[in-house]
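# Structural overview
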Amino acid sequence: MLYLDGISISKIKDELKNCLQNKRVGKIFQNSTLSLSIYFGKTSLFFSCSPSLPICYINEDKEENLMEENSNFLLLLRKHLLNASLFDIEQLGFDRILKFKFSKLNELGEIKNYFLYFEIMGKHSNIILTDEDEKIISLLKKFSLEENSLRILFPGAEYVQPIVEKKISPKEIEKEILEEYIKENNISSKVEGLGKRTTDFIKSYEDLNKILTDKINPKIYFKDEIPVFATVLNIEPKNWETVKEFENFGEMVNTYIKMCSLSNSYNLLKNKLVSSIEKEAKKVKKIIFNIEKDIVTMSEHEKYKNLGDILASVLYSIKRGDKSVKAYDFYENKEITISLDPLLNPQGNLNNIYKKSSKMKRGLEISKERLTYFKQRGLYLESVLVFISKASNINELKNIEEELIEEKIIKSKVKNSKNKNKKKEIENYGIINLDDKNIYFGRNNKENDYLTFKFAKKDDMWFHIKDLPGSHIIVKKEDFEKNDEFIEKVALCTAFYSKASKGDKVVIEYTEKKNLNKPNGAPLGFVTYNIAKTIIVTVPKNLEEIIKIK
């Protein structure tokens, strides 16, 4: 978790102020409905009101603009803040609210001040623009009176700080009162700006003063090489193994967000892709259900052929206008009644039954082909979800997005389509360095197809998990070692890059590329084979113990 209480915000505020004070706003972009970026020259100040990670920081990576059209809030921000100078950053007491103060010369040569409030409050986080009289101009998230009964948040209303309960400032509290709160174990509910983890480290008045006066100390704590706690204070989580310190908050938060794949662009694109796949999978599932119903119906084509044969045996006794005829069923050894169309002659009735049988037989063959296609389609969509979950950065997600555009699952962005250069060959797969040998793996179905049918030679070895979606793994003939240890390591990599969960025992199949086939019309990444060896492995928690991933 990224730990941000009021004390933490006070130290982050000072760092932001040192970096941005007196700089001019050059560009403003709204990256999503819950985030925006303000550029001061090449420096990007990123704001996120995401409930899972409300935060503002100097962003090292360019965030993608995923908004299809400019919002009214963005237009008003640009109107009032473009070319404005940021002259101060203030924190409201020790609350988790930052006030960015801008000044701008208007058309009449007058200096106008504008304030941008950033409220860090979980799902209620917001960005509010006001004029110098604290009158609200616009806000990122709008709430009805029912949703926010504590204050009015509408354009024209005066900005009021959201105070649920009055608390004492940590700088003003007296020693005796604080010690009483510590004894009663209610310091966080009485003193402003103190989060639960911070109060665990305050056992005396001196401890509080130390936390207030300490310089910013950004660090990330790890357990099993996974970030478990990031803070700018001299506090620590309960369970951790290693810690990494940083020079400033910006460096720490950018590292934390990359390691946890929490970037705004990454999460938005990931959610978009998952939503598209789930929608398509639901549609495919419905189609499969209807096809299976049709197959059951059309499987009775033989019944109608037999009925035609029976009718043919009594055709001489039928006259136009008859509505039915009794006949002996020599297939079931019983007498039956066959319904007729009185408007047709005897031969016409017979032709109708045979035509229905033939039509159902042809329909059955087509339905079986369609069922195979859509079942393969379902497996393909399932594999895409696996690759999305395994994607470690936004570029891998973009490659999956490109694949889905080609498969017409999502619509293409027309913008800049003419200027897109073809990707270099090296970008068509991932590379694992295993015992000083390169092992190649697909990070999406397009890459799986490329690796297996274009990159691999006939004698190269191909690995894949049995009966589950996952990456195709290729080992070049000259790099393949026939000893059990090497094969097991490659199998562990194959298991890791699959749908299987950590700790599961799975079967990995491997064979030479020349034994693989791709049926006509099969989806990306689909192969068939008859010859393969197998090895059973346990899906590893991570690959760092075995390999070095490039």
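Here the structure is a predicted model, which is why all the values come from computation and not from measurement. (Residues numbered from 1 in each chain as written. Predicted model: local features only at pLDDT ≥ 70, side-chain atom pairs only at ≥ 80, totals over all residues. Heavy atoms only, no water.)

The next point concerns the overall build of the chain. The secondary structure content of the chain amounts to 13 helices and 21 strands. Taken along the three principal axes of its C-alpha coordinates, the chain extends 110 × 65 × 55 Å. With 550 residues in all, the chain has 49% of them scored as buried. Sequence-distant contacts in the chain: of pairs separated by 6 or more residues, those separated by 24 or more amount to 57%. For the chain, the exposed surface amounts to about 30400 Å²; the carbon and sulfur share of it is 49%. Each charge sign in the chain was given a centre, from 92 positive and 82 negative side chains, and these centres are 6 Å apart. (Helix = DSSP H or I, 4+ residues; strand = E, 2+ residues; numbered from the N terminus. Buried < 20%, exposed > 50% of the residue type's maximum accessible area, 1.4 Å probe, protein only. Contact = heavy atoms within 4.5 Å. Areas by Shrake-Rupley, 256 points an atom, 1.4 Å probe, with all protein chains shown as cover. Lys, Arg positive; Asp, Glu negative; His and termini not counted. Charge placed at Lys NZ, Arg CZ, Asp CG, Glu CD.)

On to the confidence of the model for the chain, then. Mean pLDDT over the chain works out to 87, with 93% of the residues at or above the 70 mark. Within the chain, strand β21 (residues 548-549) has the poorest average pLDDT of any element, 48, and strand β17 (residues 461-465) the best, 95. Within the model, the stretch residues 416-426 combines pLDDT values under 50 with 4 contacts to residues more than four positions away or in other chains. (pLDDT = per-residue confidence, 0-100.)

Moving on, we get to the sheet that holds strand β5 (residues 85-91). Sheet strands pair by backbone hydrogen bonding; their relative direction is either parallel or antiparallel. A sheet is described by the order of its strands in space; here 5 strands give the open sequence β5-β6-β7-β8-β9, paired in antiparallel fashion. Two strands bound the open sheet, and with one partner strand each, they are β5 and β9 (136-139). Taking the axes of each pair of neighbouring strands and ignoring which way they run, one obtains an average angle of 20 degrees across the sheet. Alignment of strand β8 (residues 126-131) against β9, held across 3 bridges, turns out to be antiparallel. In the sheet register, Leu 129 faces β9, and the bridge partner there is Ser 138. Against the sheet, helix α1 (residues 6-20) makes contact with β5 and β6 (97-105), and its axis sits at roughly 165 degrees relative to β5, the strand it touches most. (Pairing = 2+ DSSP bridges. Axes fitted to C-alpha atoms, helices over the stretch in contact; angles between N-to-C directions.)

Looking now at the packing of aromatic side chains. Scanning the entire structure with this criterion turns up 20 aromatic pairs. Ring geometry for Tyr 429 and Tyr 450: centres 6.4 Å apart, planes at 20 degrees, overall stacked. Of this pair, Tyr 429 sits in the loop between α11 (394-406) and β15 (430-434) while Tyr 450 sits in helix α12 (residues 445-455); the two residues are 21 residues apart in sequence, bridging distant segments of the chain. The buried category is assigned to Tyr 429, whose relative accessible area is 8%. Just above the ring of Tyr 39 sits the side chain of Lys 27; from NZ or CZ to the centre is 5.0 Å. (Phe/Tyr/Trp six-rings, centres within 6.5 Å; stacked < 30°, edge-to-face > 60°. Lys NZ or Arg CZ within 6 Å of the ring centre and 35° of its normal.)

The next thing to look at is the sheet that holds strand β3 (residues 43-48). Strand order across the open sheet formed by 4 strands is β1-β2-β3-β4, with antiparallel pairing between neighbours. Two strands bound the open sheet, and with one partner strand each, they are β1 (27-32) and β4 (55-59). On average, adjacent strands in this sheet sit at an angle of 20 degrees to one another, irrespective of strand direction. Relative to β4, β3 runs antiparallel, the two sharing 5 bridges. Bridge assignment links Ser 48 to a residue of β4, and that residue is Ile 55.

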